[in-house]
2 protein chains.
Amino acid sequence: MNDRLEEIRLARLALGWLVEPGNRAVYRSVSRHGPVRVLDGLLSAGLDDRLRREAGARLGVADPRALAEAALRRAERLGARVVIPEGDEWPRQLEDLRHLGEGESAALERDVAPPLYLWVRGPWRLDEALERSVAVVGARAATPYGEHTARQIGYELAQRDWAVVSGGAFGVDAQAHRGALAAGGLTVVVLASGVDRPYPVSHANLFDRVAEDGLVISEWPPDTDPFRHRFLIRNRVIAAATRGTVVVEAAARSGALQTLRRAGQLHRPAMVVPGPVTSAMSVGCHEWLRRDGVRLVTGVEHILEEVGRVGADLAAPPRGPDHARDGLDPIRRRLVEALLRRKPLPLEAVAARAGVPLRDAMRLVPGLVTGGFAVARGAGYVLAPHLLPGRRPAGSAPTGGPVSPAERA
Amino acid sequence: MNDRLEEIRLARLALGWLVEPGNRAVYRSVSRHGPVRVLDGLLSAGLDDRLRREAGARLGVADPRALAEAALRRAERLGARVVIPEGDEWPRQLEDLRHLGEGESAALERDVAPPLYLWVRGPWRLDEALERSVAVVGARAATPYGEHTARQIGYELAQRDWAVVSGGAFGVDAQAHRGALAAGGLTVVVLASGVDRPYPVSHANLFDRVAEDGLVISEWPPDTDPFRHRFLIRNRVIAAATRGTVVVEAAARSGALQTLRRAGQLHRPAMVVPGPVTSAMSVGCHEWLRRDGVRLVTGVEHILEEVGRVGADLAAPPRGPDHARDGLDPIRRRLVEALLRRKPLPLEAVAARAGVPLRDAMRLVPGLVTGGFAVARGAGYVLAPHLLPGRRPAGSAPTGGPVSPAERA
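Residues numbered from 1 in each chain as written. Chains lettered and ligands numbered in written order. Predicted model: local features only at pLDDT ≥ 70, side-chain atom pairs only at ≥ 80, totals over all residues. Heavy atoms only, no water.

(A) Main features of the overall build of chain A. Counting its secondary structure elements, chain A contains 18 helices and 11 strands. Going through the 409 residues of chain A one by one, you find that 58% of them count as buried. By sequence separation, contacts in chain A at least 24 residues apart represent 75% of the contacts at least 6 residues apart. (Helix = DSSP H or I, 4+ residues; strand = E, 2+ residues; numbered from the N terminus. Buried < 20%, exposed > 50% of the residue type's maximum accessible area, 1.4 Å probe, protein only. Contact = heavy atoms within 4.5 Å.)

Here you go:
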């Protein structure tokens, strides 16, 4: 990465420290003048008054550039990186947010601008992870029915190589992630706190697991607390990042319904799973199902029907990893092809499936792990997630496995 | 009733013996030439060949007029009557069926013409009973959730003085009737067999109870068996008689969905109660909820929103019974006004609520029962059902209580 890009990254981080995410005035100014000039303007009082008022509370308290640099150093230790619109990994669909809330009251639609940047933990390129993704959100106080349904949908989306995107809450969010993980799939947690600040705290292990096989992302710098209003700001990212939003269980005023509303505003499919009319946890679902444009879905078939429609004119998912595999010698290639995506196979089984002597498998498979083609799991091995169709790990070249933050920097 | 009307009634009954209900060729011929001439033509070979082919199987087997007369005599013993389009009680909305299936394939839409007549058991005028009515239909093999929901909807419809209309099956149908009965409301069973042929047999008591407080109706003469195809023919009457159809639980190919389809074809609200996506008994519901024009309802508020919309331009429900009450002397009137519609009150409570000495209540209330204003139930008395707003008992004059079939003849 060149110095110019690093300067932009630091300026964006500094701006993000001065204002909360989603600020439309700052976003517009950055779109017009670029982040470096906007930051300079704010710090030197050279910019228009309105913008200074937006950032006023924090101006002069500390040096935003120094804070941004400290945050970056900390992030490196955490294995996190900062993805910015000027870089390769930026998911372009987030820019759809720039039209959101236009013409609506300022109070309601203040915090809906596209993010200035995203903090990311995990081995995937952010843009590719989100390319075929569905948001699965819903009640924290989910019933066993809601938890089962969310887990099932997460599992089946992953089975069909769609990524799951959700918050990190109890109930539906967590079960959707767990379903995707159980299927060996890619799942993305979008936090309303720093990527090092698990909330709820008891989900720290879940988020760590997601950061290994999927992504944990946030608009807030490390160490940020999950204040209440941040969840609503965060929801627009979940809606904008994905091809559609599914709500599984929602009480009458559930925050999940705000994500659904955002999806509709962004012209992405707004989908709802019904439930018993006797359940308070489905009241919000049914209320929204009675509105125009909201689609009832009972499972992944229906969901893919909706998001598939949107993506019908898309190119086929990228199949980069095939090239990586093409570079292997025939025996290693057969070993890789013998791996399953979800079920770990012991070395004996891999050898048998590949038709390769066990001693060759014992010698070669560890190298395939180092090379990023296989992953050790339990007492066996699975196919590395980036070798699934349509997935490439973070980093530009599709030839290696997940790379460390140091390599990426 | 005059002789001309009796001749028409007999001719219609005889035609109904010659062809199954819903026959469009016979309906059209009857509309053009009248039932007496059509019957004469069929019996004397004076009518077009097509019609004779329709009735062919039964022509010459017996004398249809004699059979019709025998059926009428039998019906009188059963306390049933025959309601015909030429009479006062005919529900005009059934004629909407004449446009049904036009332009569709003959095989599919053969049996959809309006009924030639209806057999009726029960104390209400058929047209008035159906004026504010909703069909509540669904799975025979309903789950406890479906049964609970059907009963609740039946109960709440009755509480709001809407009549329930359904078939006589186990599960949703029976629970909808039971809910309406529990609320002291009016419910209508539409059978696919003779009104003296309860099906299922174990519902004989339920149908007898409905025939006391509501109506049991059928297009088939007494003694007719409920053959399978008759349920589908019957369903169009349920859809056409009511202001809207609600499906509570339906498996993928449930007959209830045919009633829903008929309602939609008739431009009446087609409503569906959702359920858990994990329940096979809601698969048909969800499938239909994904179609355009089908409305999700979670309870009676939603249902009345739909059917109320249709009836927004209706006159206020008839309040005939008020006139009947107006004819009473002040003490009797206070006693009647002290009665509740559902909860039986002992004489002491009636007297106390009315502010009438107990000895006067003991003397006068039995006369109010004889006069059709009160009904003895359990250890107390309730308001006679026809005194509820919008209901008048069968018979033209709104001054008396339910009348016997003999009085009606």
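That covers the picture; the talk isn't over yet.
(B) The arrangement of the state of the cysteines in detail. Scanning the entire structure with this criterion turns up 0 disulfides over all chains. There is no disulfide at Cys285 of chain A, and the cysteine sulfur nearest it, in Cys285 of chain B, is 16 Å away. Cys285 of chain A sits in the buried class, given a relative accessible area of 0%. (Disulfide = S-S within 2.5 Å.)

(C) The arrangement of the relation of the copies chain B and chain A in detail. In the superposition of chain B on chain A (RMSD 0.1 Å, axial shift 0.0 Å), the rotation amounts to 180°. These values place the two chain copies in the arrangement generated by a two-fold rotation axis. A share of 100% of the interface residues of chain B reappears at the interface of chain A, consistent with the copies meeting face to face through the same patch. (Least-squares fit on C-alpha atoms with pLDDT ≥ 70 in both.)

(D) Representation of the pairing of strand 11 (residues 380–383) of chain A within the structure. Residue and element names in this part refer to chain A. By the bridge criterion, 4 bridges tie strand 10 (residues 374–377) to strand 11 in an arrangement that is antiparallel. For Arg377, the partnering residue across the bridge sits in strand 11 and is Gly380. Remark: 2 residues form the turn of the hairpin made by strand 10 and strand 11, two consecutive strands paired antiparallel; Gly378 in that turn has positive phi of roughly 60°. (Pairing = 2+ DSSP bridges.)

(E) Up close: the packing of helix 10 (residues 228–241) of chain A against helix 11 (residues 256–265) of chain A. Residue and element names in this part refer to chain A. Where helix 10 contacts helix 11, the axes come no closer than 8 Å and their chain directions differ by 45°. Comparing the axis directions of helix 10 and helix 11 gives the class oblique. Judged by the sense of rotation from one axis to the other, the crossing of helix 10 with helix 11 is right-handed. Two secondary-structure elements touch here, helix 10 through Leu232, Asn235, Arg236, Ile238 and Ala239 and helix 11 through Gln258, Thr259, Arg262 and Ala263. Considering only residue class, the contact of helix 10 with helix 11 consists of 4 nonpolar, 3 polar and 2 charged. (Axes fitted to C-alpha atoms, helices over the stretch in contact; angles between N-to-C directions. Parallel < 35°, antiparallel > 145°, perpendicular 65-115°, else oblique. Left-handed = near helix turned anticlockwise from the far one by under 90°. Nonpolar A, V, L, I, M, F, W, Y, C, P; charged D, E, K, R; others polar.)

(F) Spotlight on the packing of helix 1 (residues 3–18) of chain B against helix 3 (residues 35–44) of chain B. Residue and element names in this part refer to chain B. Following both chains from N to C, one finds helix 1 and helix 3 inclined at 50°, their axes separated by 8 Å at the closest point. What the angle tells us is that helix 1 and helix 3 run oblique. Handedness of the crossing formed by helix 1 with helix 3: left-handed. Judged by residue contacts, Arg4, Glu7, Ile8, Ala11, Arg12, Ala14, Leu15 and Leu18 of helix 1 engage Pro35, Val36, Val38, Leu39 and Leu42 from helix 3. Its residues assigned to classes, the contact of helix 1 with helix 3 shows 10 nonpolar, no polar and 3 charged.

(G) Expanded view of the interface of chain B and chain A. Across the boundary between the two partners, chain B contributes 18 residues, which contact 18 residues of chain A. Its largest share of buried area at the contact with chain A, chain B owes to Val277, Arg290 and Leu296 of chain B, together 45% of the area lost on that side. Across the contact surface, chain B and chain A share 2 salt bridges. Among the salt bridges present, the one from Glu305 of chain B reaches Arg290 of chain A, with a minimum N-O distance of 3.0 Å. Applying the counting criterion to the chain B and chain A interface returns 10 residue pairs in polar contact (both at pLDDT 80 or more). Those elements that provide at least two residues to the side of chain B that touches chain A are helix 7 (144–159), helix 12 (283–289), strand 9 (294–296) and helix 13 (300–310) of chain B. Considering every element that reaches the side of chain B that touches chain A, the biggest residue donor is helix 7 of chain B, with 3 residues. (Buried area = accessible area lost by both parts, 1.4 Å probe. Salt bridge = Lys/Arg side-chain N within 4 Å of Asp/Glu carboxyl O. Polar contact = N/O pair within 3.5 Å; in protein donor to acceptor, adjacent residues only side chain to side chain.)

(H) View of the sheet that holds strand 7 (residues 245–248) of chain A. All names here are of chain A. Taking strand neighbours across the sheet as the criterion, the 9 strands line up as 1-2-6-5-4-3-7-8-9 in an open arrangement whose pairing is mixed. Of all strands in the sheet, those bounded by a partner on one side alone are strand 1 (80–83) and strand 9 (294–296). Averaged over all pairs of adjacent strands, the angle between strand axes in this sheet comes to 25°, irrespective of strand direction. Relative to strand 7, strand 3 (residues 133–138) runs parallel, the two sharing 4 bridges. Residue Val137 lies in a different strand from strand 7, and its bridge partner there is Val247. Its contacts with the sheet put helix 11 on strand 3, strand 7, strand 8 (270–273) and strand 9, and the angle it makes with strand 7 is roughly 155°.

(I) Quick look at the pattern of salt bridges. Applying the stated criterion across every chain yields a total of 44 salt bridges over all chains. Residue Glu86 of chain B pairs with Arg12 of chain B through a salt bridge whose shortest N-O separation is 2.9 Å. Linking Glu86 of chain B in the loop between strand 1 (80–83) and strand 2 (118–121) with Arg12 of chain B in helix 1, this pair joins segments that are 74 residues apart in sequence. Note that Arg291 of chain B and Glu287 of chain B form a salt bridge whose closest N and O atoms lie 3.5 Å from each other. On the basis of relative accessibility, which here comes to 38%, the residue Arg291 of chain B falls in the partly exposed class. You can call Glu287 of chain B partly exposed: its relative accessible area is 36%. Several salt bridges share partner residues, and in doing so they unite Arg74, Asp196, Arg197, Asp223 and Asp225 of chain A into one network.

(J) Broad picture of the sheet that holds strand 7 (residues 245–248) of chain B. Residue and element names in this part refer to chain B. Ordered in space as 1-2-6-5-4-3-7-8-9, the 9 strands form an open sheet in which the pairing is mixed. In this open sheet, the two edge strands, each paired with only one partner strand, are strand 1 and strand 9. In this sheet, neighbouring strand axes are inclined to one another by 25° on average, regardless of whether the strands run parallel or antiparallel. Seen against the sheet, helix 8 (residues 172–182) touches strand 3 (133–138), strand 4 (163–166), strand 5 (187–191) and strand 7 and runs at an angle of roughly 140° to strand 3.

(K) Structural view of the packing of aromatic side chains. All names here are of chain A. Scanning the model with the defined rule gives 2 aromatic pairs over all chains in all. Seen in terms of ring centroids, Tyr199 and Phe231 are 5.9 Å apart; in terms of plane orientation they differ by 55°. Their pairing is tilted. One end of the pair, Tyr199, is in the loop between strand 5 (187–191) and helix 9 (204–213); the other, Phe231, is in helix 10, with 32 residues separating them in the sequence. We classify Tyr199 as partly exposed; its relative accessible area is 43%. The aromatic ring of Trp288 is capped on one face by Arg291, whose charged end is 3.9 Å from the ring centroid. (Phe/Tyr/Trp six-rings, centres within 6.5 Å; stacked < 30°, edge-to-face > 60°. Lys NZ or Arg CZ within 6 Å of the ring centre and 35° of its normal.)

Remember that the coordinates give geometry; whether it matters functionally is a separate question.
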